[in-house]
Amino acid sequence: MNQAEKQFPDNARTTRTHAGESIRDARNWPGLVLCAVGLVLVAATLTAAGYGFAGWAVIAGVACVLCLVVGVWLVVAEHRRVRENDLALHEPRDR
């Protein structure tokens, strides 16, 4: 067994961690909350439509789409920001 097999995590081939990145980074929380609200609004839309409240179903449906789109956009934008910062940190510098 060589040294790389004994060491955990394998720092020789791993430059950054990703597990729990969304939870640890507090800038992701608004996006995650909006996604959760969007999922609740999916249930509200289906419930309103099932009981025949067409107006409430439309309102909840529009709010659901907005929450999910903005929430996913925020999470993706933050993930790209973190990835660009990580790549900038590990980029070789010309001296």
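Residues numbered from 1 in each chain as written. Predicted model: local features only at pLDDT ≥ 70, side-chain atom pairs only at ≥ 80, totals over all residues. Heavy atoms only, no water.

Enquirer: Sorry, what's going on with the overall build of the protein here?
Expert: Tallying secondary structure elements over the protein gives four helices and zero strands in all. A total of 95 residues make up the protein; the buried ones form 21% of that total. Taking the intrachain contacts of the protein between residues at least 6 apart in sequence as the baseline, contacts between residues at least 24 apart amount to 64%. Of the accessible surface of the protein, which amounts to about 7,600 Å², a share of 66% is contributed by carbon and sulfur atoms. (Helix = DSSP H or I, 4+ residues; strand = E, 2+ residues; numbered from the N terminus. Buried < 20%, exposed > 50% of the residue type's maximum accessible area, 1.4 Å probe, protein only. Contact = heavy atoms within 4.5 Å. Areas by Shrake-Rupley, 256 points an atom, 1.4 Å probe, with all protein chains shown as cover.)

Enquirer: How should a nonpolar patch on the surface be read in this particular structure?
Expert: On the surface, Tyr51, Phe53, Trp56 and Ile59 cluster together to form a nonpolar patch covering roughly 550 Å² of accessible area. Turning to its location among the elements, Ile59 is positioned in helix α4 (residues 54–90). With relative accessibility at 52%, the residue Ile59 sits in the exposed group. (Patch = residues over 30% accessible without salt bridge, like charges linked within 9 Å, V, L, I, M, F, W, Y side chains within 5 Å. Salt bridge = Lys/Arg side-chain N within 4 Å of Asp/Glu carboxyl O.)

Enquirer: Looking at this structure, how should I read the environment of Leu66?
Expert: Within the element layout of this structure, Leu66 appears in helix α4. Taking the relative accessible area as the measure of exposure, Leu66 reaches 53% and is therefore exposed. A C-alpha to C-alpha distance of 9.7 Å links Leu66 and Cys35, two positions 31 residues apart in sequence.

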